[in-house]
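# Residue-level structural notes
Residues per chain, in single letters:
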Protein chains: 2
Amino acid sequence: MAKDFVVTPWKVEGDIDYNRLIKEFGTEHLDDALLHRIKKLTGELHPFLRRKIFFSHRDMNWLLDEYEKGNKFYLYTGRGPSGNTHIGHLVPWLFTKWLQDKFDVLLYFQMTDDEKFLFKDNLSLTQTNSLAYENALDVIALGFKQGKTHIFTNTDYSKTLYKNALLVAKKITVSTTKAVFGFNDSNNVGELFFTSMQAVPAFLPSVLKGKNIPCLIPHAIDQDAHFRVARDVLPKLGFYKPAAIHCRFLPALGIGGKMSASEKDSAIYTTDSADEIEKKVKKYAFSGGRATIEEHRKLGGNPDIDVPYQWLSFFEEDDSKLKKIHDDYKSGKLLSGELKLILIEKLQVFLKEHQRKRESARKVLDKFILKD
Amino acid sequence: MAKDFVVTPWKVEGDIDYNRLIKEFGTEHLDDALLHRIKKLTGELHPFLRRKIFFSHRDMNWLLDEYEKGNKFYLYTGRGPSGNTHIGHLVPWLFTKWLQDKFDVLLYFQMTDDEKFLFKDNLSLTQTNSLAYENALDVIALGFKQGKTHIFTNTDYSKTLYKNALLVAKKITVSTTKAVFGFNDSNNVGELFFTSMQAVPAFLPSVLKGKNIPCLIPHAIDQDAHFRVARDVLPKLGFYKPAAIHCRFLPALGIGGKMSASEKDSAIYTTDSADEIEKKVKKYAFSGGRATIEEHRKLGGNPDIDVPYQWLSFFEEDDSKLKKIHDDYKSGKLLSGELKLILIEKLQVFLKEHQRKRESARKVLDKFILKD
């Protein structure tokens, strides 16, 4: 099939057709029946669910069946620490936090410092490991529960992880990694082994407790390849297949693809100042507005391609406010510059508070970290 | 080139031409000049050197240059714990112990429980790990110095090993492992990664001390493939290439190849009783004797193909005693049964003492073991 986009764990590019991804990856739509079922258990739906920002899943119905039988699940998500945290990274984490609150469950959060070292020519292991602990501050700042949230880097928890990864690795051939990840003989052997490390948190609590515990992985859809492999292997080791729930990417400030921590101008970082936020949004955010104010007033803007509007659809939780922005922009009543200001203020308020919590997180970091 | 033998880290079969191995692997003969140089430093030559049981090396002259400059080396060897220790395994260890005594150096001893799990369908990680600690008793029983000898299993020391293995893995492509080890796309990804773990002890002390320390690896020649890779990668990471000194295999009791821990009748285990030793040697040891006593008296035996004689050439340290056995056997004065009795007694005496030391080793095992 001809492709105008790429979605792998290491590359996200082009104009992504999320429906096609569901078909190609073999996942399921997060349909209204399932949303209804979740709402019955949680009392309300997170905006990311109402707006289908989380749009796809694997085995959510099985997971909720187990939950209703009293077989509680735990959450597993993670981060590849290749740079500072940007607000796109926060999307699955914010949702994971909501799930933790609503279901009162444990979270295992994996920082793949090994992966980023293996896949990035320009990063040392010392750098990826130190980035991991910086990124962990952003995780903690979101309010995850102390004592119920275990964050670990792969290298500092490797005594536990490595021996469990071996169980997985023995069941994965070179052929499989070539087919699933598009590897070839020029890849390094660490890259091929790595998916075994990413599989471990999907069954580790079952090993530690000595009984099978269902696992739910909220994650951006680009990581699905890893969990396709994990879902194939884990039953062979006597564990459940992990369930998963997948989100879209927050678009880059410029047009298309996924925000990248390594392309500085395409992203707003969690540590950006109010001025930087303003400057980046004003300078780089792709606009769906018209060439002149007159034209805009007459013909209206296009919120579907307008990045500031797209971002508000992630971060403005109030549906009626968002609808008014949408309609006013489309009608021409709201100008592009004005729309940008709404986003700028939203981000400035959110990140100011986030940065305060992020600094406080340094004091409790140790309480969240799992090490061998 | 047509081959009538195979020597890889996972398979040793056929009638091995050690000279051809030197050529194919690109190692060097352990020649008289080098033996002379070693003798100058050690005062005497171990029988394994005098008899060219250690027959090949890499960079021994460089290692001794460094030693003479005051840049002391350390020793690194290991064991793949796939079964009980047999007396063939003791060959490189006995020599390593001699080197430790003569040069007063540290030894790092790696137990590759991960490797044996990954490469053996029928072994669990629990089994290989527990075999590793059983095998460690045999190592300690040989008299290695407490405080100067660090034995570790890869899984129980993996916090240290894994992150260092990543440095190596990033520099090894799939192609390289295919070329060096003969892997193909049906191999599992753990098998490809594993050589990175075996490389680590060749530079780990340099990491731990923060300065480059020369490393000498005494080992059976079948492991050379791993160290060819390590010698290629380590300089790229800023470390010395490890030097190596290689031994032949103690032949199996039946004819040809290497003794195998998984073919029970081909081996004498360190835990075999006096009766078992006697029974196995009498029943299975391939003889170079004649069909009848009369013929033997008249024509003499062939020590070159006689396994009991070959074994004595490893374990009878007294050159004149060995020569007498050789000559008497060749002349027909010594019968095959008598030769077998000499070997049986030698093994019974050695293993009785070994078993006593092996049991005492349980009490000090912890003092030798490195864990994270």
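Everything in this summary refers to the structure shown in the same document. (Residues numbered from 1 in each chain as written. Chains lettered and ligands numbered in written order. Predicted model: local features only at pLDDT ≥ 70, side-chain atom pairs only at ≥ 80, totals over all residues. Heavy atoms only, no water.)

Residue and element names in this part refer to chain A. Taken together, the seven strands give an open sheet; going across it, the order is E3-E4-E9-E8-E5-E6-E7, and neighbouring strands pair in mixed fashion. Every interior strand has two partners, whereas the edge strands, strand E3 (28–29) and strand E7 (149–153), have only one. Pairing geometry for strand E5 (residues 74–79) and strand E8 (residues 215–220), over two bridges, is parallel. What sits directly across from Tyr 74, in E8, is Cys 215. Across the sheet, helix H12 (residues 224–233) is in contact with strand E4 (54–58), E5, E8 and strand E9 (243–247); its angle to E8 comes to roughly 155 degrees. (Pairing = 2+ DSSP bridges. Helix = DSSP H or I, 4+ residues; strand = E, 2+ residues; numbered from the N terminus. Contact = heavy atoms within 4.5 Å. Axes fitted to C-alpha atoms, helices over the stretch in contact; angles between N-to-C directions.)

Contact residues are listed per partner, giving 36 residues for chain A and 36 residues for chain B. Taking both partners together, chain A and chain B bury about 3100 Å²; carbon and sulfur atoms supply 66% of that area. Its largest share of buried area at the contact with chain B, chain A owes to Tyr162(A), Lys170(A) and Val189(A), together 25% of the area lost on that side. Between chain A and chain B we count two salt bridges in total. Across the salt bridge formed by Lys178(A) and Asp185(B), the nearest N and O atoms sit 2.9 Å from each other. Every element with two or more residues in the side of chain A that touches chain B is listed here: helix H6 (113–119), helix H8 (158–169), helix H9 (174–181) and helix H10 (189–199) of chain A. Ranked by the residues each element gives to the side of chain A that touches chain B, the list is headed by H8(A), at seven residues. (Buried area = accessible area lost by both parts, 1.4 Å probe. Salt bridge = Lys/Arg side-chain N within 4 Å of Asp/Glu carboxyl O.)

Glancing now at the relation of the copies chain A and chain B. Each copy of the sequence occupies a distinct position, and chain A is placed on chain B by a rotation of 180 degrees and an axial shift of 0.0 Å, giving an RMSD of 0.0 Å. Overall, the copies show the geometry of a two-fold rotation axis. Closest to the rotation axis within chain A is the C-alpha of Lys159(A), separated from it by 2.3 Å. Interface overlap between copies: 100% of the residues of chain A at the interface are likewise at the interface in chain B, consistent with a symmetric, same-surface contact. (Least-squares fit on C-alpha atoms with pLDDT ≥ 70 in both.)

If you look at the biggest cluster of nonpolar residues, it comprises 80 residues, and the most contacted ones within it are Phe193(A) and Phe193(B). Other than its neighbours up to four places away in sequence, Phe193(A) contacts Tyr162(A), Ala165(A), Ala169(A), Tyr162(B), Val189(B), Gly190(B) and Phe193(B). (Core = buried A, V, L, I, M, F, W, Y, C linked by side-chain atoms within 4.5 Å. Buried < 20%, exposed > 50% of the residue type's maximum accessible area, 1.4 Å probe, protein only.)

Following the criterion strictly, the structure yields 59 salt bridges over all chains and no others. Measuring nitrogen to oxygen at the nearest pair gives 4.0 Å for the salt bridge that ties Glu353(A) to Lys357(A). Linking Glu353(A) with Lys357(A), this pair stays in helix H17 (residues 336–368), spanning four residues, or about one helical turn. Since its relative accessible area comes to 37%, Lys357(A) is described here as partly exposed. Between Glu359(B) and Arg358(B) there is a salt bridge; the shortest N-O distance is 4.0 Å.

To continue, consider the packing of aromatic side chains. On inspection of all chains with the given rule, the structure shows 48 aromatic pairs over all chains. On the numbers, 5.3 Å between centres and 80 degrees between planes, the contact of Trp93(A) with Phe109(A) is edge-to-face. With Trp93(A) in helix H5 (residues 87–103) and Phe109(A) in strand E6 (residues 107–111), the pair connects residues that are 16 residues apart, well separated along the chain. Per residue, the accessibility class of Trp93(A) equals that of Phe109(A), and both read buried. Judged by centre distance (4.4 Å) and plane angle (15 degrees), the rings of Trp10(B) and Phe119(B) are stacked. Here Trp10(B) is found in the loop between strand E1 (5–8) and strand E2 (11–14), whereas its partner Phe119(B) is found in helix H6 (residues 113–119), with 109 residues between them in sequence. (Phe/Tyr/Trp six-rings, centres within 6.5 Å; stacked < 30°, edge-to-face > 60°.)

By the element assignment, His36(B) lies in helix H2 (residues 32–42). C-alpha separation for the pair His36(B) and Tyr18(B), spaced 18 residues apart in sequence, amounts to 22 Å.

Residues and elements named next belong to chain B. Among all positions of helix H1 (residues 18–25), only Tyr 18, Arg 20, Leu 21, Ile 22 and Phe 25 are buried. For H1, the N-terminal capping position is held by Asp 17, with its side-chain oxygen 3.1 Å away from the main-chain nitrogen of Asn 19. One or two residues past the end of H1 sits Gly 26, with phi positive at roughly 75 degrees. (Polar contact = N/O pair within 3.5 Å; in protein donor to acceptor, adjacent residues only side chain to side chain.)

Two faces make up the sheet, and in a regular strand the side chains alternate between them. All names here are of chain A. Of the pairings in the sheet, the one linking strand E1 (residues 5–8) to strand E2 (residues 11–14) comprises four bridges and is antiparallel in character. Within E2, the residue paired with Phe 5 across the bridge is Gly 14. Between E1 and the antiparallel strand that follows it, E2, lie two residues.

Shape is all these values report; function is a separate question.
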